[in-house]
Amino acid sequence: MNTHFELVAALPAGIAGLAIGSFGTVVADRLPRGESLSRPGSHCDSCGRALRAWENVPVLSYLLLRGRCSSCGARISPRVLLMELLTAACFVGFSGRLASYWALPAYCVLSAGLIVLSAIDFRLRRLPTAIVYWTGALGAALLLVASAGTGDWGALVSAGIGGAACFAVFLAIFMAVPRGIGFGDVRLVAVCGLMLGWLGLRVVPLGLLLGFVLASVPALALVALRKANRKSQIPFGPYLAAGAIVGSLFGPAIIHATGLF
Ligand SMILES: [Zn+2]
């Protein structure tokens, strides 16, 4: 496993991550409203003024503008900054942790898609089917390219099994406890299983377990604060996505070090 940090790969990966993360904020913002992704160009949501080129640079513009529109002073959501930084962190992370660069485009696309879906699920409690399908289809195609490049076709079979197994398990949960999870979670977990499965079948249960553990934190916090009731639904998607990303980044190393799973 190639786990050393190579600037030659990390730097372009980070820049691509900032750019794609910035596009991801546009997708997360506009797609649920059914708006065009390209028109109108980037503008302030409050006063509608079109952004100048320098106001549209990921992270840097947010810091230079101190998180406010330069015309009307309206606050720019820190979600924009967070999504750009998270996407870049994922791209840099995968550039250093994957055994082969052949798999890097697939893991960048999958993590970027999962971050967009998480942002939408947190805000609107939905996982738009189109984004789940695009992330899954593009990710699967790029994993096929990765297997062709590395000659490791077993990894592709493992990805298929991981995706199908996760889908089947969550479909069973959905049918047994329909109010426990949404069908969006069933679709999403198939993408997570694909992502984890390419790295080895043992990474799949580890990634899912991470998702459940992460989701239990806010759930337990709500119970502790006595705020939990039937209406306080916690979106599951972002935690499944986080489990898949963290599991893909560190799962193989955790399994290697501990011999678990
Ligand atoms: Zn404005």
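It should be noted that the structure appears before, not after, this text.
Residues numbered from 1 in each chain as written. Predicted model: local features only at pLDDT ≥ 70, side-chain atom pairs only at ≥ 80, totals over all residues.

Caption draft 1: Inspection of the packing of helix α5 (residues 129-150) against helix α7 (residues 183-197) at higher detail. Contact geometry for α5 and α7: axes closest at 10 Å, N-to-C directions at 20 degrees. As judged from the angle between their axes, α5 and α7 are roughly parallel. Note on packing geometry: the crossing formed by α5 with α7 is left-handed. Contacts from Thr129, Val132, Thr135, Gly136, Gly139, Ala140 and Leu143 of α5 reach α7 at Arg187, Leu188, Ala190, Val191, Leu194 and Met195. Grouping the constituent residues of the contact of α5 with α7 by class yields 8 nonpolar, 4 polar and 1 charged. (Axes fitted to C-alpha atoms, helices over the stretch in contact; angles between N-to-C directions. Helix = DSSP H or I, 4+ residues; strand = E, 2+ residues; numbered from the N terminus. Parallel < 35°, antiparallel > 145°, perpendicular 65-115°, else oblique. Left-handed = near helix turned anticlockwise from the far one by under 90°. Contact = placed C-beta atoms within 7 Å. Nonpolar A, V, L, I, M, F, W, Y, C, P; charged D, E, K, R; others polar.)

Caption draft 2: Seen up close, helix α6 (residues 153-176). Between its first and last C-alpha atoms α6 spans 35 Å; for 24 residues at 1.5 Å apiece the expected length is 34 Å, and the two agree. Here α6 has its buried residues at Ala155, Ser158, Ala159, Gly162, Gly163, Cys166 and Phe170. Buried residues in α6 make contact with α5, α7 and α8 (203-224). (Expected span 1.5 Å × (residues − 1). Buried ≥ 20, exposed ≤ 12 C-beta atoms within 10 Å, placed from the backbone.)

Caption draft 3: Highlighting the packing of helix α4 (residues 104-124) against helix α9 (residues 237-258). Direction vectors running N to C along α4 and α9 enclose 155 degrees, while the axes themselves pass 8 Å from each other. By the criterion of interaxial angle, the relationship of α4 to α9 is roughly antiparallel. Here α4 and α9 pass one another in a crossing that is left-handed. The residues of α9 that touch α4, namely those facing Tyr107, Ser111, Leu114, Leu117, Ser118, Asp121 and Phe122, are Gly237, Pro238, Ala241, Ala244, Ile245 and Ser248. Grouping the amino acids of the contact of α4 with α9 by side-chain chemistry returns 8 nonpolar, 4 polar and 1 charged.

Caption draft 4: Structural context of α9. The end-to-end C-alpha distance of α9, which contains 22 residues, comes to just 28 Å, noticeably less than the 32 Å that a straight helix rising 1.5 Å per residue would cover. Remark: the principal bend of α9, roughly 55 degrees, maps to Phe250, with a proline, Pro252, within the next four residues. (Bend = angle between axes of the 7 residues up to and from the residue.)

Function cannot be read off these values alone, since they describe shape.
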